[in-house]
Amino acid sequence: MSPRVARADDPDAIFGGGANDEFAVHGQGTLVDQYHPRFRSPYVGPQSLNPGERGDETIDVTAFLGARLWRGAEIWFDPEIDQGFGLSGTLGIDGFTSAEAYKVGESSPYPKIQRLFLRQTIDLGGESKTVDADMNQFAGTTTANRIVLTVGKMSVVDVFDTNKFAHDSKNDFLNWALVDTGTFDYAADAWGYTYGATAEWYQGDWTLRGGLFDLSGVPNNKNLDKTLHQYQLDGELERRWTLFDREGAVRVTAFLSRGRMGRYADAIALAQETGAPADIALVRHYHSRIGVSFNAEQAVTDDLGVFARGGHADGDYEGYEFTDMDNTLAAGLSLKGTAWGRKDDAFGLAAVIDEASSEAQAYLNAGGTGILAGDGILPHPGSERIIETFYTLPILKFSHLSLDYQFVDNPAFNRDRGPVSVFAFRLHTQL
């Protein structure tokens, strides 16, 4: 999934970079090619990572088209063309290795409208701030205290769970559980977008956010629930500070999903009665699922920043949209290349540990499949552990090349399979 929006390198050099422009046009293109060699695998299930040598690629090209409507109001339209597949069809690793890979894939390019939303900013006073032109953002000024209202088609993580050092799969980390908190089961279609509305209240060093979003018609599906009978409520409290003249922040995010979802214990009980593999789709009823997470960031120097994420979600019920994990903890750093004379280069290093609940483990061992996991059996469950590192360098004025490596131990919570090494390169261009 790839809802992140990259920042422009030179906002004054692109249409829409001026504070008085009425229209804005930006664009980006990203190619990610991933490969893993053979790894240990005594058995393979319906949603296992293929243990043979394998490589897959994804490409997406996006336009960001904006217009000012009235004071404080902007409308944005983001058409996109996608092509390609994640490794093994984006299956077999719960902290999946590319947030540029969707849960669906096509060998031929296809168009999608990923965003179409209206944003209204209401200034409430306080210190005036300069805002640079960005993807889905006009240049201009705003006040420190303000209300921001957004309605339309967007990604939940455009607004919630953001992080300066780990939230942009086009420029920093690739892993799903690093660019977003892995247990934040945010409402989305298979591409990571949904319809909804948000309200943000900025006051001093604090921000309070709330949102209402449409869930998929059935868990992990291409189609959203058109009736909004199945929905998600999100809330977030953010606190910002300055420590030794360096900016930092922490955000606490909670979600409540209301929809037809299955309880693991019910699926296991039915499988024991019928003798068939456990199937969560057969026991779905209208339930609630909750989760809470945090993410923190701190600039240490002008070039070095550190971050951490952690979360927990109700492990009695299936994950609805994002991953199968119920607990996660991640931490890492981001470093610019100034110290070795390459100020435009960037290096990142991070680690993730995530796990499924005991109920989810029993369901997977009974032959069940989740959003990403499903090896057919799970006799020896364990925490999935991931390390990711990347190096990014500019190759043209508007382009960057990244080399990425990820080590995945116990893929899909399975101590019988792996470990897996995943190598990648990423080419990203933005205008």
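Residues numbered from 1 in each chain as written. Predicted model: local features only at pLDDT ≥ 70, side-chain atom pairs only at ≥ 80, totals over all residues. Heavy atoms only, no water.

### What about the nonpolar core?
Link 1 in the chain: Of all hydrophobic cores here, the largest spans 60 residues; its most connected members are Val156, Phe173, Leu178, Phe184, Tyr186, Phe307 and Tyr363.
Link 2 in the chain: Mapped onto this core, the elements with two or more residues apiece are α1 (176-179), β9 (246-262), α2 (264-274), β11 (304-313), β13 (342-355), α3 (358-365), β14 (384-396) and β16 (420-430).
Link 3 in the chain: What valine 156 contacts, discounting residues up to four positions off in sequence, is Phe184, Tyr186, Ala187, Thr194, Phe213 and Asp234. (Core = buried A, V, L, I, M, F, W, Y, C linked by side-chain atoms within 4.5 Å. Buried < 20%, exposed > 50% of the residue type's maximum accessible area, 1.4 Å probe, protein only. Helix = DSSP H or I, 4+ residues; strand = E, 2+ residues; numbered from the N terminus. Contact = heavy atoms within 4.5 Å.)

### A few points about the packing of α2 against α3
Link 1 in the chain: Direction vectors running N to C along α2 and α3 enclose 30°, while the axes themselves pass 9 Å from each other. In terms of orientation, α2 lies roughly parallel with respect to α3. In this structure, α2 meets α3 at a crossing whose hand is left-handed. Here Tyr264, Ala267 and Ile268 of α2 come into contact with α3, specifically with Glu359, Ala360, Ala362 and Tyr363. (Axes fitted to C-alpha atoms, helices over the stretch in contact; angles between N-to-C directions. Parallel < 35°, antiparallel > 145°, perpendicular 65-115°, else oblique. Left-handed = near helix turned anticlockwise from the far one by under 90°.)

### So, the environment of asparagine 145
Link 1 in the chain: Turning to its location among the elements, asparagine 145 is positioned in strand β5 (residues 140-154).
Link 2 in the chain: Asparagine 145 has contacts with Asp123, Leu124, Gly125, Gly126, Tyr202, Gln203 and Gly204, leaving out every residue within four places of it along the chain.
Link 3 in the chain: A polar atom in the side chain of asparagine 145 sits 2.8 Å from the backbone nitrogen of glycine 204. (Polar contact = N/O pair within 3.5 Å; in protein donor to acceptor, adjacent residues only side chain to side chain.)

### Some thoughts on the pairing of strand β12 (residues 327-337)
Link 1 in the chain: Of the strand pairs in this sheet, β11 and β12 are connected by nine bridges, and their pairing is antiparallel. Following the sheet pairing, glycine 310 is matched in β12 by leucine 329.
Link 2 in the chain: In this sheet, β13 lies alongside β12 in antiparallel orientation, the contact comprising 11 bridges. Its bridge partner being in β13, leucine 329 is matched across the sheet by isoleucine 353.
Link 3 in the chain: As consecutive antiparallel partners, β12 and β13 are separated by four residues, and within that stretch glycine 341 has a phi angle of approximately 80°, a positive value. (Pairing = 2+ DSSP bridges.)

### Observations concerning unusual backbone geometry
Link 1 in the chain: With an omega of 5°, the peptide bond between glycine 418 and proline 419 qualifies as cis.
Link 2 in the chain: Note that proline 419 resides in the loop between β15 (399-409) and β16.
Link 3 in the chain: Despite not being glycine, asparagine 136 shows a phi value in the positive range, around 65°.
Link 4 in the chain: Within the secondary structure, asparagine 136 sits in the loop between β4 (106-131) and β5.
Link 5 in the chain: Relative accessible area serves as the criterion here: at 5%, asparagine 136 is assigned to the buried category.
Link 6 in the chain: Positive phi is not limited to glycine here, since aspartate 245 has a value of about 65°.

### Some words on the layout of surface pockets
Link 1 in the chain: Computed from the structure, the second largest pocket encloses a volume of approximately 200 Å³.
Link 2 in the chain: Lining of the second largest pocket is provided by 16 residues; of these, Ile280, Arg284, Glu318, Thr369 and Gly370 occupy positions nearest its centre.
Link 3 in the chain: In terms of residue class, the lining of the second largest pocket is made up of seven nonpolar, five polar and four charged. (1 Å grid on protein atoms, 1.4 Å probe; cavity = no way out; pocket = protein on both sides within 12 Å on 5 of 7 lines; lining within 4 Å. Points joined across faces, edges and corners; volume = space filled by probe spheres on them. Nonpolar A, V, L, I, M, F, W, Y, C, P; charged D, E, K, R; others polar.)

### Examining the confidence of the model for the chain
Link 1 in the chain: In this model, the chain carries a mean pLDDT of 93, and residues with pLDDT of at least 70 account for 95%.
Link 2 in the chain: Contacts from residues 1-16, a stretch scored under 50 in pLDDT, to residues over four places away or in other chains number 74 contacts. (pLDDT = per-residue confidence, 0-100.)

### Things to note about a nonpolar patch on the surface
Link 1 in the chain: Taken together, the side chains of Ile122, Leu124, Leu149, Trp201, Trp206, Leu208 and Leu237 make up a nonpolar region of the molecular surface, amounting to roughly 650 Å² of accessible area.
Link 2 in the chain: Only β4 and β7 (206-214) provide two or more residues apiece to the nonpolar patch.
Link 3 in the chain: A relative accessible area of 45% places tryptophan 201 in the partly exposed class. (Patch = residues over 30% accessible without salt bridge, like charges linked within 9 Å, V, L, I, M, F, W, Y side chains within 5 Å. Areas by Shrake-Rupley, 256 points an atom, 1.4 Å probe, with all protein chains shown as cover. Salt bridge = Lys/Arg side-chain N within 4 Å of Asp/Glu carboxyl O.)

### A look at the side chain of threonine 30
Link 1 in the chain: With respect to the element layout, threonine 30 can be found in strand β1 (residues 23-36).
Link 2 in the chain: Looking at threonine 30, its side chain comes within polar contact range of the side chain of glutamine 28, at 2.6 Å.
Link 3 in the chain: If near-sequence neighbours (up to four positions away) are discounted, threonine 30 is found in contact with Thr58, Ile59, Asp60, Glu100, Lys170, Arg426, Leu427 and His428.

### Side note on the pairing of β14
Link 1 in the chain: With nine bridges connecting them, β13 and β14 associate as antiparallel partners. When the sheet's bridge partners are listed, alanine 350 is paired in β14 with glutamate 388.
Link 2 in the chain: Pairing of β14 with β15 involves 11 bridges; the strand directions are antiparallel. Within β15, the position partnered with phenylalanine 390 by the bridge is aspartate 404.
Link 3 in the chain: Counting the residues between successive antiparallel strands, the hairpin from β14 to β15 contains two residues.

### Description of α3
Link 1 in the chain: Along α3, the positions that sit buried rather than exposed are Ala360, Tyr363 and Leu364. When α3 is viewed along its axis, its buried side chains cluster within an angular range of 95° and face the same direction.
Link 2 in the chain: Looking one or two residues beyond α3, the residue adopting positive phi is glycine 367, at roughly 95°. (Arc of directions from axis to C-beta.)

### Considerations on α2
Each full turn of the α-helix corresponds to 3.6 residues, which orients residues three or four apart in the same direction.
Link 1 in the chain: Turning to α2, its buried residues are Tyr264, Ala267, Ile268 and Ala271. Along the axis of α2, the buried residues cluster in a sector spanning 100°; they form a single face.
Link 2 in the chain: Buried residues along α2 sit against β9 and α3.
Link 3 in the chain: Trailing α2 by a residue or two, glycine 275 shows a phi angle of about 80°, which is positive.

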